[in-house]
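What follows is each chain in one-letter form.
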Amino acid sequence: MSLFEMSERAAKYRSDLLEFMDALVYPAESVYETQMAESGNPHFQPPILEELKSEARNRGLWNLFHPHPDVGPGLSNLEYAPLAEIMGRSPQLAPEATNCSAPDTGNMEVFALFGSDEHKEKYLKPLLDGKIRSAFAMTEPAVASSDATNVQLSMVKDGGEYVLNGRKWFASNALHQNCQVMIVMGKTDPDAATHRQQSMMVVPMDAPGVTVMRGLSVFGYQDREGHAEIDFNDVRVPAKDVLKGEGEGFAIAQARLGPGRIHHCMRCIGMAERALELLCRRAQSRVTFGKPVSDNANIRDWIAEARIDIEMIRLLTLKAAYLMDTVGNKAAQVEIAAIKVAAPEIALKIVDRAIQVHGAGGVTEDFPLAGFWAHLRTLRLADGPDEVHKRAIARQELKKYREAAQ
């Protein structure tokens with residue numbers, strides 16, 4: 001068996017998921033757009049999504065991301081990666097339909113690893129059932145949050161509680177109508193060692209003092225799940241709702257981010273694959289200056305380069321997944337950082353060229369390309385900007401030569 005050959009069970013899930021996409025998800029995209037437009041509410045939960053969720057559960061395509069067999073299929077990162085790619089072909093529908101949406105996937109793992117029995121009963125169970133959604137609040141408007149040590153939201157101990165004050169933004173999912181809980185990162189001890197100052201806490205969306213100020217647009221789009229700016233004004237959090245313990249914020253973040261980056265990057269590849277498909281179909285169906293657009297040498301170059309690039313980033317992402325499964329997240333940190341830079345950047349280039357081939361239509365909502373572009377461009381900032389990951393890669397590379405010189 002080759003290194004990245006799919007296991008028999010992963011191949012079965014892949015086949016079932018592809019059939020689900022063809023039979024139900026792609027046809028539902030136009031229904032989704034109609035229901036959203038008719039609602040007049042950018043954060044409306046359209047009925048078609050609930051129908052897809054029900055059908056996915058019936059087909060056993062539920063919680064596919066979850067590594068624990070008592071909850072999901074128990075797939076490894078390497079086994080799940082091709083499924084995330086397929087879901088990326090319809091990012092508005094497929095991840096939520098299968099209960100594999102960010103940030104819920106990461107939050108569910110945090111609750112499973114670090115949550116109390118109460119957290120698991122109150123939040124993890126309904127999240128796994130798809131009955132509620134969750135948000136993750138770390139980024140702040142007043143500081144450069146690409147350096148997480150800059151996080152300033154204060155978490156001050158007061159008896160058996162912590163009092164939270166500060167402002168967060170880009171709290172993804174916080175405007176989803178089913179969002180009930182946040183995991184919030186803030187500063188509990190400004191005098192502790194740099195990476196022991198921060199903690200994560202469980203905060204209900206309806207906690208007194210929590211105010212959702214607005215939903216932030218992304219390149220003019222209001223995502224249905226929302227990117228919220230949230231004010232915390234004397235929000236009281238019981239000490240029992242501190243995850244893992246005071247000062248463990250960074251440790252939790254590292255546990256949370258590895259698998260999430262595999263999911264993000266494989267979904268990028270799914271968007272790139274669909275963009276290439278749309279590019280090819282459009283180029284073959286349109287005629288300019290007496291010949292199909294696909295006959296132009298530059299278009300053929302774009303198609304060839306797209307196929308080469310997709311295969312490269314897929315293999316790099318699968319390598320990262322394999323290393324995470326076999327030697328752990330820490331040993332795979334260079335590969336994880338590399339895919340987070342390469343996958344969105346390359347997918348963005350392919351989508352941009354597909355837009356160009358579609359002409360004016362490419363920038364409209366008649367095709368998924370403009371939405372793909374906005375999502376991918378944003379992903380070059382989310383989960384750490386490109387520059388942070390390149391810095392980490394360069395540091396590890398230079399370390400080899402420093403050690404050799406000693």
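Residues numbered from 1 in each chain as written. Predicted model: local features only at pLDDT ≥ 70, side-chain atom pairs only at ≥ 80, totals over all residues. Heavy atoms only, no water.

The name an unreviewed UniProt entry gives the protein chain is Acyl-CoA dehydrogenase, with Mycolicibacter senuensis as the organism. Recorded under Catalytic activity (unreviewed entry), the UniProt text for the protein chain is reproduced unchanged: "a 2,3-saturated acyl-CoA + A = a 2,3-dehydroacyl-CoA + AH2". According to its UniProt record, the protein chain has this under Sequence similarities (unreviewed entry): "Belongs to the acyl-CoA dehydrogenase family." (UniProt positions renumbered as here; feature names shortened; annotations may be inferred.)

Draft legend 1. Molecular detail of the UniProt feature "domain: Acyl-CoA dehydrogenase/oxidase N-terminal" (unreviewed entry) in the protein chain. Mapped onto this structure's residue numbering, the UniProt feature "domain: Acyl-CoA dehydrogenase/oxidase N-terminal" (unreviewed entry) falls at residues 45-131. Spanning residues 45-131, this segment combines 59% helix with 0% strand, and its end C-alpha atoms are found 12 Å apart. (Helix = DSSP H or I, 4+ residues; strand = E, 2+ residues; numbered from the N terminus.)

Draft legend 2. Highlighting the domain arrangement of the protein chain. Taken domain by domain, the protein chain comprises domain 1 (8-115), domain 2 (133-243) and domain 3 (250-404). A straight line from the C-alpha centre of domain 2 to that of domain 3 covers 29 Å. Taken together, the contact pairs 12 residues of domain 2 with 13 residues of domain 3. Of the roughly 1100 Å² buried at the junction of domain 2 and domain 3 (both faces included), carbon and sulfur atoms supply 78%. Applying the counting criterion to the domain 2 and domain 3 interface returns zero salt bridges. If you look at where domain 2 meets domain 3, you find one residue pair in polar contact (both at pLDDT 80 or more). Its residues assigned to classes, the side of domain 2 that touches domain 3 comprises eight nonpolar, four polar and no charged. (Domains from an automatic or database assignment. Contact = heavy atoms within 4.5 Å. Buried area = accessible area lost by both parts, 1.4 Å probe. Salt bridge = Lys/Arg side-chain N within 4 Å of Asp/Glu carboxyl O. Polar contact = N/O pair within 3.5 Å; in protein donor to acceptor, adjacent residues only side chain to side chain. Nonpolar A, V, L, I, M, F, W, Y, C, P; charged D, E, K, R; others polar.)

Draft legend 3. Layout of the packing of aromatic side chains. Tallied over the entire structure, the rule returns three aromatic pairs. Here tryptophan 169 and phenylalanine 170 contribute two aromatic rings whose centre-to-centre distance is 5.2 Å and whose plane-to-plane angle is 75°, an arrangement assigned as edge-to-face. Judged by its relative accessible area of 24%, tryptophan 169 falls in the partly exposed class. Here phenylalanine 170 falls in the partly exposed class, since its relative accessible area comes to 32%. Centroid distance phenylalanine 219 to tryptophan 373: 5.1 Å. Interplanar angle 75°. Geometry classified as edge-to-face. Of the two residues, phenylalanine 219 sits in the loop between β6 (210-215) and β7 (227-238) while tryptophan 373 sits in helix α10 (residues 369-379), which places them 154 residues apart along the sequence. We classify phenylalanine 219 as exposed; its relative accessible area is 52%. The class of tryptophan 373 is partly exposed, set by a relative accessible area of 26%. (Phe/Tyr/Trp six-rings, centres within 6.5 Å; stacked < 30°, edge-to-face > 60°. Buried < 20%, exposed > 50% of the residue type's maximum accessible area, 1.4 Å probe, protein only.)

Draft legend 4. Layout of the pattern of salt bridges. The final tally for this structure, using the stated rule, is 35 salt bridges. Where glutamate 161 meets arginine 236, a salt bridge forms, and the shortest distance between an N and an O atom there is 2.8 Å. Of this pair, glutamate 161 sits in strand β3 (residues 161-172) while arginine 236 sits in strand β7, and the two are 75 residues apart along the sequence. In this structure, lysine 400 and glutamate 397 form a salt bridge, with 3.2 Å as the shortest nitrogen-oxygen distance. With lysine 400 and glutamate 397 both in helix α11 (residues 386-405) and three residues apart, the pair spans about one turn of that helix. The exposure class of lysine 400 is partly exposed, given its relative accessible area of 46%.

Draft legend 5. The arrangement of the packing of helix α9 (residues 333-358) against α11 in detail. Contact pair α9 / α11: the axes reach a minimum separation of 9 Å and the direction vectors enclose 145°. Crossing of α9 over α11 shows left-handed handedness. Taking contact as the criterion, the partners of Gln333, Val334, Ala337, Ala338, Lys340 and Val341 in α9 are, on α11, Asp386, His389, Lys390, Ile393 and Gln396. Looking at the contact of α9 with α11 residue by residue, the classes come out as five nonpolar, three polar and three charged. (Axes fitted to C-alpha atoms, helices over the stretch in contact; angles between N-to-C directions. Left-handed = near helix turned anticlockwise from the far one by under 90°.)

Draft legend 6. Structural context of helix α2 (residues 47-58). Over its 12 residues, α2 extends 17 Å from the first C-alpha to the last, a length consistent with the 16 Å expected when each residue adds 1.5 Å. Inspection of α2 places Ile48, Leu49, Leu52, Lys53 and Ala56 among the buried residues, and these make up the whole buried set. An end-on view of α2 places all buried positions within 140° of arc, on one side of the element. Glycine 60 lies just past α2 and shows a positive phi near 75°. (Expected span 1.5 Å × (residues − 1). Arc of directions from axis to C-beta.)

Draft legend 7. Quick look at the environment of aspartate 241. Note that aspartate 241 resides in the loop between β7 and α7 (249-285). Residue aspartate 241 is classed as buried on the basis of its relative accessible area of 9%. Look past the residues within four positions of aspartate 241 in its chain and what remains in contact with it is His119, Met200, Met201 and Val202.

Draft legend 8. Quick peek at helix α8 (residues 297-326). In a regular helix each residue adds 1.5 Å, so 30 residues correspond to 44 Å; α8 covers 44 Å between its end C-alpha atoms and thus fits that length. Looking at the residues trailing α8, positive phi occurs at glycine 328, about 100°.

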